[in-house]
Each structure stands twice: as C-alpha cells, then as structure tokens.
Amino acid sequence: MVDFAQDPQPFREQISAFIAENCPKELRDMPASERSVCWGGKRWVFSSPAQKSWLEAASSAGLTAARWPVAYGGAGLTRAQEKIFREEMARLKAPSPLESFGLWMLGPALLAFGTEEQKLHFLPQITRGEIRWCQGYSEPGAGSDLASVQTRAEDKGDHWLVNGSKIWTSYADHADWIFALVRTDREAPKHRGISFMLIDMESEGVSTKPIKLISGYSPFCETFFENVKVPKSYGENIPAQVGEVNRGWDVAKHLLTHERTMIGGGGSGSAGGILGGRSLGAFLGSLEEGVLDEPVIRSQAMELEVDTLAMGMTLERYKDMAKAGGVGNASAMLKYYGTELNKRRYELLMSVTGSEGVEWDGPHGTVAAEWLRTKANSIEGGTTEVMLDIISKRVLELPTK
Amino acid sequence: MTSLMLNEDETMLRDSARGFLDDAAPVKMLRTNRDSGRAYDPGFWKEMAQMGWTGVLVPEEAGGSDMGHRAAGILAEEMGVTLAASPFISSAVMAATALRGAASDRLSGIADGSAIYAIAVDEGTKHGPEKTALQAERSGNAFRLSGRKTFVADGGSAGRVLVLARTAGAPGEAAGLTLFDLDADRAGLSRSARKTVDSRDHAQLDFDGVEATGDDIVGELDNGMAVLGLALRAGQAALSAELTGLSAGAFAMTAGYLKERKQFDRIIGSFQALQHRAAHMWSEIEVTASAIANAGRVLDESPDESQLAVSVAKARATQTAKLVVSEGVQMHGGIGMTDEFDMGFFMKRARVGAEWLGDYGYHAAKVAAARGF
Ligand SMILES: Cc1cc2nc3c(=O)[nH]c(=O)nc-3n(C[C@H](O)[C@H](O)[C@H](O)COP(=O)(O)OP(=O)(O)OC[C@H]3O[C@@H](n4cnc5c(N)ncnc54)[C@H](O)[C@@H]3O)c2cc1C
C-alpha cells in the first residue's frame, strides 16, 4: 500500500504518477459520454477489464475513499491533498474508480455513529466496491414526513422480524445490502422509535419491483419485506443497527446532510452528461452558430454562469466551514440552491440544443433523459420545499405558530 | 488559493468594524446626513482614518495599514450593513489602488484621510470607461481638458479628482485614454451636485479648458487603463461587498419583523408563504457572500486576472440586493413604504449601487466573455 499521508515526495507529483501508472490509458482516452460509471457490488459486471483493474488499483491505495482513515480502507488524505487528487484526476481525464451509496451515505454515517468493529467490517467492503448498498428510507406513506415510517422490526430475541415496504429505493434491484429506517418502538413518539438497520438483500422475504421514471429508465424500486429475519448481530460488537436501537433518527439525519450536500454539489456545474467535463461556455461555443445571438437565451446563459461560478465558490467555502466546525442545517441551502441551479442549467441546455435536444438519442446523446432526471434533484433527498422549511425554522428560527 | 472562509484576523477585523459602526454610524446617521444636507460626517471619516481604514490599501511606507482587498471588502461589507456613508470606496479603495499602481507620492494623504479623491470616469447614463470622449488636448507639454463627467461619486466634496480623458483614439476604444490627478478647485472645472436617491454625494463635473501638465498624469500617457482598470475592479469588489452587507442588514430587519408582527392571531413569520421566501433570500445572500470573498482574495493574489471574480461578485451582489430590498418592503407591508422606517434607505442605496461601476448586464457580459461566450 502506498502511504500518501507520510511520503515526503511532493504530493501532486506522486499522486499524478500513481494515476498515470494505474488508470489504464483506454479509460482515460474514452469520451466522457461513453464511459460507464462503476458502481461495484457482488453482481457488478465490469464494462471492461480496464474498469476492473482501475478499481482494484485505486481501492488498494485507499483512493476510492480518499479522506477515510487508512484502517477503514481509505487513504487518509487531508482536504488539501484530496483537492489535488481531484485536480490531477481531472487533468489526466481519469474517471472516478467507484461511485456508490456506500461511499456517499452509509460510510459517513458509520464513521460518525458505528462501533469500531462495524467500521472495520463494513467500510473496507465499501471502498473495495465489493458490497453495493441501497437506501431504504422512503415509504408510500412517509416521504417528506420521513419520521412517520411504518416498516417495523419486532424484537424476537436473537433476531429482528421485519415487515413492511419501502418505495423509491434507488438501485434496490442491483444492491447487495440495504440501510433501512425501521420502527422498533411503536409506542414512542415518532422520532424516538426508529432504528437504522443494515439488512442483507439476499435474506429470505426481501423482494424488489422496479419502477419506471419519466426518463424511460427504471433506476428505482419498490422494496418489500415479508417476515424477514435480521440477526441482531453480525459478529462481536457488530450489531445490525447503527447507533442505538430507537435512536436511528439521529443517524438518518446525519446521513441526509451528507446526501444533500452531495446532491447540491451537482449545482457547481461539474455534472458529466452532455457537458462531459466541459465548461458551459465551451459547450455553448460548440453549438450551431447564432444560437447565442438570441437575446433571451444569451441572457439566461449569462445569468446561469454567474450563479454557477458563485455556487462553486460557496461549495468551497462550506467545505472549509464544515471542516472548521460544521455547517449543520445550513447544508439545506446547498441542496436547495444546487438542485434548482442544475434544473435551470438543463432547461437552458434543452433550449440551446432545440429540436436535436428533444430526441432521446440524438446528436447530443442523452440530454433529454438527463434533463428529465434533473427534475428529481429537487425531490430526492428532501424536496425544495422541505429544504426551505429547514432553513426557515432551523437556520432563521422563524416561528412555527 | 486561500480559503474563502474568514480567518481569525479577518473575523476580528469584522467584529471590531461591526462594533465600531454600530456606534459611530448607525442607519440613523444616514437620516441625519440627509436631513442636514451633508453627504457624510467628517468626524466619522477622521475616526476611520485613525483606525487605519482609509489606508487599508496604502503601503506601510506611505503611512498605510496595507491590509489588502479582502480586508477592504470586509470593511465595506460592514459599512453596507448600517449604510455608513463616506468616500471610502472612491478614495481609500479606488484612488489608493490607482495611485499605488503609479507609485504616486500622494498616497500618504489618502492614508491619513487628509486627501479625499473622487474618480471621474463615466459620461453617459451607463458605466463604460472606454466610452470616454472628454478630450485632453495637447499643447506643448500641457493639456487642456474639456468635456463632461457624470455620476461622479463623492465628486461634490472631494478635494482631488482622478479624471479619465481621451488623448488619442476614438470613444469606444480602451486605448488612448489618460488618467489625470487634479485639484478639484482647478480653474475651468465646475461641479454641480446631483440629488441622488441614496442621499449621498454624486456630482456632474464640467471641464472647460482645464489645464494640466505631464506631472498630473497618473501612469502612462494614452495607457491610463493600465492603472485605472485595477482601481475600478477594486472599487467594484468593494461596492459588491457593501451591497452584500446592505442585503444582510435589510434581511436582518425583515427576519426580525417576521418574528414579531402578528396578523390573524399568528406571527406572520409562521406563514409558509413568507418563510420560504425568507429562506430563499438567505440562500441568495450566502451564495453572494462567497463571490464577495472570492473577489477580494483574487484581487489580493492575482490582481491582473481578477475581472471574472469581480464581475461575478458585482453581478451577484446587484441582484441579491435588489431581491432583498424589494422583499424587505413587501414583507413589512405599509410601514415598509414610509420614510420614517429605514427600509427605504436600503432600497435607495441598493439602486444606486446597482448602477455605479457597472450594472448587472455590464458585469454578466464580462463573465460571459471571460467564460468564452
Ligand atoms: C430519483 C429519485 C430517487 C430516489 N431515491 C431514493 C432512495 O434511494 N431511497 C429512498 O428512501 N428514497 C428515495 N427517493 C424518495 C425521495 O426521498 C422522496 O420522493 C422525497 O422525500 C419526497 O417524498 P414524497 O415523494 O413522498 O413526496 P411528498 O412528501 O408527498 O411531497 C409532495 C409535495 O408536497 C410538498 N410538501 C410536503 N411536505 C411539505 C411541507 N411541510 N411544506 C411544504 N410543502 C410540503 C413537497 O415538497 C412536494 O412538493 C428518491 C426519489 C427520487 C425522485
């Protein structure tokens, strides 16, 4: 293993040499639009041997979770080092070796609330891309009002008996495990009877049914639990729940702040898809001549660029604030602003691509599907209205009555 | 680049500025200025000089505190919160930057507050230094300046004027412009105050064969934009900071009112229709604050490549202030429309600040150009 945190060689040189050596050239040469994201998991089919070897090399150096401690499969990089790492990845056109809900959501929650043994057990499986996780929060009757989840887990001595159903579970049909909010105390006030439970999707009684989105894709599912037996423990000091039983709401909220910050990050304009790593300006410059002479489109593009640049600066500032002591509920602002901005960006991309953009698979690839997908940005992970509510009540402390 | 977050020194600077301005220049001082017909309080300016604020961009050897553009922005932002009026941006930010770029020996006067400068650039209703038509006609080693400058901030009260004149080329060209440093009392220069809605000093300056010599030139002949360009960007960044402070000040009043006013037996801040608009405003202010911090940082670290950062800041600050003051009046209902209430002062200064040194469209176009479209 390469110890990036210790090696005295200037970090940038070292990391770029590592990427150049280990990320196969064919991956780096591939146009962004043809690359497939590596999600990992037991059932993952690599799109190429190159994708597999890049995942293995990056994860054995801890670089799939660059900031996590080395003991849990990360590289232990500082924020400054991680920034350099990202810059070098972009410069060398290296794709991310692994994306996953484990990295974005469960990992941070385990780091904050897990037992030492839970971290040692679950986190390296995530960083190596061995286990793919999905998020079992929403239910038919519990969306914005998430704390009213009804899926229940009954205490049966050595195991929990889980019954109920989840909805909108992204990639449940491809996931190996699920982190789910389940009710473990039906008498307690609604926030006080929830546990954050880790469940193997291969357990007897778990089933999924895909749901189709307006974009034509079916990335999410209904997930059913029918008399599912969940062992109370997966090993010594590795309980099935994260945090204490009945105190899962704290874990759920912590995870949501990470999820929201991540989704909000899409508003900095770095999103792949049609832009494929190019700036908006570079993309617009590549379009049919005259499109930008149209004054309304031009002014929308200018306003968007101003706001996108300012949002990028805001993400930087908030990362520093998070490191210096936390941003708390103010992260709702990143989610709100970033997602609304991303929706504006795609509305503009649709207007500038015009009649070509409305083709499912036209000269601009999947822009139409991407555009439709952005409409979910202001819903998933907490709606825009809920974000505004959080800001009003918790940040601005406006009265509730 | 250094962080966009305030560091420890900057937090101290902000807190001490806030404490001082709350006492020395609350919003009601602007009301007093207006009612007594003065643009600013000279006593307040002296206190600013004693604290080193007027020398914020002046090198230490010329008596300045040389704290840099980010610090100037922090001060301007706090001035915006209470609408503190003074020639800070004209003199301590723009003139200091221009004269520093030209290594002028007049910097020490700016630092100690004894010299107050105005910057005379625009001639029409919209900002655009390259549009300058005011002629500086050459006769031997001397020049005779004739023409009109409009919307000169602090132009009625300043003792000296930096005036941009055309010495070659035609209006519309950035080359052929020369910057002169003149005494405001020089023969042939007449100044007429314009009554602007923000109750501050904006004047029209008429030049009728005003004489100048080569010694009055700041920077190089025909290349005045080389020093003025950075000075304008510094002013734009500081003005953006002021507008952001103004937004924060107006927003604080509105948020306070939402927590106290009752209608239909409820605190109006409990109505979601108002809550979400308040949350939106706060989000806009947060995003703009980052752009302000960034502009100051970039000016300090790579001043020659600061146009994009500054224009993002000015564009954002202009729009944000406009939103916050409009919503501020609206959410206060009838009282928001009264002169007795302060919100109107915020609205009026926001409008003047939106125009001064380039409006939203001017700066958004700069951003588009810098970003390749
Ligand atoms: C693409 C996508 C992927 C998703 N992936 C996952 C996943 O992997 N796992 C998971 O658990 N969930 C997932 N979700 C679900 C998502 O978190 C929920 O859709 C979301 O929380 C909203 O809940 P709801 O759909 O029940 O809408 P509702 O809560 O019924 O909201 C309906 C409308 O009412 C508004 N509303 C609700 N309450 C208030 C209020 N107090 N004030 C004002 N307005 C209000 C909402 O803003 C919205 O406009 C996903 C959703 C999408 C679209």
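A quick note: this is a predicted structure, and the numbers were derived from the prediction, not measured.

Draft legend 1. Quick peek at the overall build of chain A. Within chain A, the secondary structure is distributed over 12 helices and 8 strands. The C-alpha radius of gyration computed for chain A amounts to 22 Å, which stays within 12% of the reference 21 Å derived for 401 residues, consistent with globular compactness. Judged by the C-alpha coordinates and their principal axes, chain A covers about 70 × 55 × 40 Å. Buried positions account for 52% of the 401 residues belonging to chain A.

Draft legend 2. Highlighting the UniProt feature "domain: Acyl-CoA dehydrogenase/oxidase N-terminal" (unreviewed entry) in chain B. Summarizing the sequence annotation, UniProt attributes the feature "domain: Acyl-CoA dehydrogenase/oxidase N-terminal" (unreviewed entry) to residues 7-95 of chain B in the numbering used throughout. Secondary structure within residues 7-95 of chain B divides into 65% helix and 0% strand; the distance between the first and last C-alpha atoms comes to 27 Å.

Draft legend 3. Geometry of the pattern of salt bridges. All names here are of chain B. Applying the stated rule across the entire model yields 48 salt bridges over all chains. A salt bridge links Asp35 to Arg34, with the shortest nitrogen-to-oxygen separation between them at 3.1 Å. On the basis of relative accessible area, Arg34 is assigned to the partly exposed category, the value being 27%. Lys149 is the partner of Glu123 in a salt bridge, and the nearest nitrogen-oxygen pair spans 2.8 Å. Here the residue Glu123 occupies a position in the loop between strand S1 (117-120) and strand S2 (135-139), and Lys149 occupies one in strand S3 (residues 142-153), the gap between them amounting to 26 residues. Taking the relative accessible area as the measure of exposure, Glu123 reaches 23% and is therefore partly exposed. By relative accessible area, which is 0% here, Lys149 ends up buried. A single salt-bridge network, built from bridges that share partners, covers Arg31, Arg34, Asp35, Asp339 and Asp342.

Draft legend 4. Summary view of the domain arrangement of chain A. Residue and element names in this part refer to chain A. Under the domain assignment used here, chain A contains domain 1 (11-99), domain 2 (133-247) and domain 3 (265-395). Averaged C-alpha coordinates put domain 2 and domain 3 at centres separated by 31 Å. Residue-level contacts link 5 residues of domain 2 with 7 residues of domain 3. Taking both sides of the interface into account, the surface hidden between domain 2 and domain 3 amounts to around 460 Å²; carbon and sulfur atoms contribute 72%. Summed over the three residues of domain 2 that lose the most area to domain 3, namely Ser144, Ile214 and Ser215, the buried surface amounts to 72% of that side. On the surface where domain 2 and domain 3 come into contact, there are 0 residue pairs in polar contact (both at pLDDT 80 or more). Partitioned by chemical class, the residues of the side of domain 2 that touches domain 3 number 3 nonpolar, 2 polar and no charged.

Draft legend 5. Seen up close, the interface of chain B and chain A. In this complex, chain B contributes 37 residues to the contact, which on the side of chain A involves 39 residues. With both chains or domains summed, chain B and chain A bury close to 3300 Å², and 68% of this area falls on carbon and sulfur atoms. Inspection of the region where chain B meets chain A yields 3 salt bridges. With a shortest N-O distance of 2.7 Å, Arg316 of chain B and Asp307 of chain A are connected by a salt bridge. Scanning the region where chain B abuts chain A turns up 17 residue pairs in polar contact (both at pLDDT 80 or more). At the level of elements, helix H7 (225-258), helix H8 (272-301), helix H9 (307-332) and helix H11 (360-370) of chain B are the ones that each hand at least two residues to the side of chain B that touches chain A. Looking at the side of chain B that touches chain A element by element, the count peaks at 15 residues for H8 of chain B. Counted by class, the side of chain B that touches chain A contains 21 nonpolar, 11 polar and 5 charged residues.

Draft legend 6. The nonpolar core, seen in detail. In terms of nonpolar packing, the biggest core is built from 162 residues, with Phe88, Leu145 and Phe180 of chain B touching the most fellow members. The dominant element in this core, judged by the number of residues it contributes, is H7 of chain B, at 16 residues. Those residues in contact with Leu145 of chain B that sit more than four places away from it in its chain are Leu134, Gln135, Ala136, Val163, Ala165, Phe180, Leu182, Phe207, Asp208, Gly209, Val210 and Ala212 of chain B. In this structure, Cys38, Met105, Val251 and Leu255 of chain A belong to the second largest nonpolar core, which totals 36 residues.

Draft legend 7. Representation of the UniProt feature "domain: Acyl-CoA dehydrogenase/oxidase C-terminal" (unreviewed entry) in chain B in the model. In the UniProt entry, the feature "domain: Acyl-CoA dehydrogenase/oxidase C-terminal" (unreviewed entry) is given for residues 223-369 of chain B. Between the first and last C-alpha atoms of residues 223-369 of chain B the distance is 22 Å; the span itself is 77% helix and 3% strand.

Draft legend 8. Here's a closer look at the environment of Glu288 of chain A. Residue and element names in this part refer to chain A. On the secondary structure map, Glu288 appears in the loop between helix H8 (280-285) and helix H9 (295-324). Exposure remark for Glu288: the relative accessible area of 63% places this residue in the exposed category. Measuring from C-alpha to C-alpha, the distance between Glu288 and Val352 comes to 9.0 Å, with 64 residues separating the pair along the chain.

Draft legend 9. Fine view of the side chain of Glu88 of chain A. Residues and elements named next belong to chain A. Summarising the element assignment, Glu88 is placed in helix H4 (residues 79-91). Given the relative accessible area of 3%, Glu88 is considered buried. Within polar-contact distance, the side chain of Glu88 engages the side chain of Arg91 at 2.6 Å. Other than its neighbours up to four places away in sequence, Glu88 contacts Arg12, Ile15, Ser16 and Ile19.

Draft legend 10. Representation of the site of the ligand within the structure. Around the ligand sit 18 residues in total, of which Ser138, Ser144, Trp168 and Thr383 of chain A together with Gln272 of chain B are the nearest. The environment around the ligand is built from residues contributed by chains A and B. Ser144 of chain A places a side-chain nitrogen or oxygen 2.6 Å from an oxygen atom of the ligand. In the complex, the protein chains occlude 68% of the 980 Å² of accessible area that the ligand would expose alone. Sorting elements by how many residues they give to the shell around the ligand places strand S3 (residues 159-170) of chain A first, with 3 residues. Each of domain 2 (133-247) and domain 3 (265-395) of chain A gives at least three residues to the shell around the ligand.

Draft legend 11. Layout of the packing of aromatic side chains. Applying the stated criterion to the full structure yields 19 aromatic pairs over all chains. Plain terms: the ring middles of Phe122 of chain A and Trp133 of chain A are 5.8 Å apart, the flat faces sit at 70° to each other, and that makes the pair edge-to-face. You can see Phe122 of chain A sitting in helix H6 (residues 116-127) and its partner Trp133 of chain A sitting in strand S1 (residues 133-136), a full 11 residues away along the chain. Accessibility expressed as a relative area gives 2% for Trp133 of chain A, which makes it buried. Relative to Trp177 of chain A, the ring of Phe122 of chain A has its centre 5.8 Å away and its plane inclined at 70°; by these criteria the two rings are edge-to-face. Here Trp177 of chain A lies in strand S4 (residues 177-183) and Phe122 of chain A lies in helix H6, a separation of 55 residues in the sequence. Residue Trp177 of chain A is classed as buried on the basis of its relative accessible area, which comes to 11%. Three or more aromatic residues joined by ring pairs form one cluster here, namely Phe122, Trp133, Tyr137, Trp177, Phe179, Phe196 and Tyr234 of chain A. Here Lys348 of chain B stacks its cationic end above the ring of Phe345 of chain B, 5.4 Å away from the centre of that ring.

Criteria and cut-off values
Residues numbered from 1 in each chain as written. Chains lettered and ligands numbered in written order. Predicted model: local features only at pLDDT ≥ 70, side-chain atom pairs only at ≥ 80, totals over all residues. Heavy atoms only, no water. Helix = DSSP H or I, 4+ residues; strand = E, 2+ residues; numbered from the N terminus. Rg over C-alpha atoms; globule rule 2.2 N^0.38 Å. Buried < 20%, exposed > 50% of the residue type's maximum accessible area, 1.4 Å probe, protein only. UniProt positions renumbered as here; feature names shortened; annotations may be inferred. Salt bridge = Lys/Arg side-chain N within 4 Å of Asp/Glu carboxyl O. Domains from an automatic or database assignment. Contact = heavy atoms within 4.5 Å. Buried area = accessible area lost by both parts, 1.4 Å probe. Polar contact = N/O pair within 3.5 Å; in protein donor to acceptor, adjacent residues only side chain to side chain. Nonpolar A, V, L, I, M, F, W, Y, C, P; charged D, E, K, R; others polar. Core = buried A, V, L, I, M, F, W, Y, C linked by side-chain atoms within 4.5 Å. Near = heavy atom within 4 Å. Areas by Shrake-Rupley, 256 points an atom, 1.4 Å probe, with all protein chains shown as cover. Phe/Tyr/Trp six-rings, centres within 6.5 Å; stacked < 30°, edge-to-face > 60°. Lys NZ or Arg CZ within 6 Å of the ring centre and 35° of its normal.

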